[in-house]
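Below, each chain spelled out in residue letters.
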Amino acid sequence: MPSPDLNLDDLDLRILDQLQRDCSLSNQALAQRVHASPPTCLRRVRRLVESGVIERQVAILNPAALGVGLTAIIEITLDTQAAEDLDAFEARIVADPAIGQCYRVSSGPDFILVAQVADMDAYQALARRAFTGDARVRNVRSFFATARGKFDTRYPIS
């Protein structure tokens, strides 16, 4: 978790903006884009990683190119909302490789999940192993994406 007393200045914000766009930039290229010296840029990036502002650096892949083109958005409601039941369900569900995102939510279902699977048969297999076999699961509502209007991993930098 990022330190609450970490003060991000304009250079930090420019670095974060550029890395959100393309984290494969060399330090030299990043320094040029943010108008800083390479040693300063390298020091700042290390500080942002060590402080937890930068959690990970990843490649974003095209799911259809990998044969996992069906996106399911799933609402899960458990029988009880006891902390240990929520924790146990979450621990089990986040271990499933088909689940890309898992959110605990309030005022409605207990969880919203986003799964990426090959097709409806793969979704049914996920549902059997993850939801229908779990006695804690009271209700499952699934929605299937028919088109993706926007997908972005960037956060607004102010």
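Preceding this paragraph is the structure being described.
As a starting point, this report considers the structure included with it. Computed from a predicted structure; not experimentally measured. (Residues numbered from 1 in each chain as written. Predicted model: local features only at pLDDT ≥ 70, side-chain atom pairs only at ≥ 80, totals over all residues. Heavy atoms only, no water.)

1. Quick word on the side chain of D134
For step 1, the next point in the chain: The residue D134 is located in the loop between α5 (120-132) and β4 (137-144) in this model.
For step 2, the next point in the chain: Given the relative accessible area of 8%, D134 is considered buried.
For step 3, the next point in the chain: Here R136 takes part through its backbone nitrogen, which lies 2.9 Å from a polar atom of the side chain of D134.
For step 4, the next point in the chain: Once you skip the residues sitting within four places of it in the chain, D134 turns out to touch F89 and R92. (Helix = DSSP H or I, 4+ residues; strand = E, 2+ residues; numbered from the N terminus. Buried < 20%, exposed > 50% of the residue type's maximum accessible area, 1.4 Å probe, protein only. Polar contact = N/O pair within 3.5 Å; in protein donor to acceptor, adjacent residues only side chain to side chain. Contact = heavy atoms within 4.5 Å.)

2. Here's the deal with α5
For step 1, the next point in the chain: With 13 residues, α5 extends only 16 Å from end C-alpha to end C-alpha; this falls clearly short of the ideal 18 Å at 1.5 Å per step.
For step 2, the next point in the chain: Residues of α5 that are buried: Y123, L126, A127, A130 and F131.
For step 3, the next point in the chain: Check the buried side of α5 and you find it contacts β1 (70-78), α4 (83-94), β2 (99-104), β3 (111-117) and β4.
For step 4, the next point in the chain: Among the residues of α5, the N-terminal cap falls to D119, whose side-chain oxygen and the backbone nitrogen of D121 are separated by 3.2 Å. (Expected span 1.5 Å × (residues − 1).)

3. Examining the sheet that holds β1
For step 1, the next point in the chain: Overall, antiparallel pairing links the 4 strands, which are arranged β2-β3-β1-β4 in an open sheet. Looking at which strands have only one partner, the edges of the open sheet turn out to be β2 and β4. Taken pair by pair, the neighbouring strands of this sheet meet at an average axis angle of 20 degrees, ignoring direction.
For step 2, the next point in the chain: Together, β1, β2, β3 and β4 form the strand contacts of α4, whose direction differs from that of β2 by roughly 165 degrees. (Pairing = 2+ DSSP bridges. Axes fitted to C-alpha atoms, helices over the stretch in contact; angles between N-to-C directions.)

4. Regarding the packing of aromatic side chains
For step 1, the next point in the chain: Applying the stated criterion across every chain yields a total of 2 aromatic pairs.
For step 2, the next point in the chain: Ring geometry for F89 and F111: centres 5.0 Å apart, planes at 50 degrees, overall tilted. With F89 in helix α4 and F111 in strand β3, this residue pair connects regions lying 22 residues apart in the sequence.
For step 3, the next point in the chain: For F111, a relative accessible area of 0% gives the class buried. (Phe/Tyr/Trp six-rings, centres within 6.5 Å; stacked < 30°, edge-to-face > 60°.)

That's the geometry; what it means functionally is another story.
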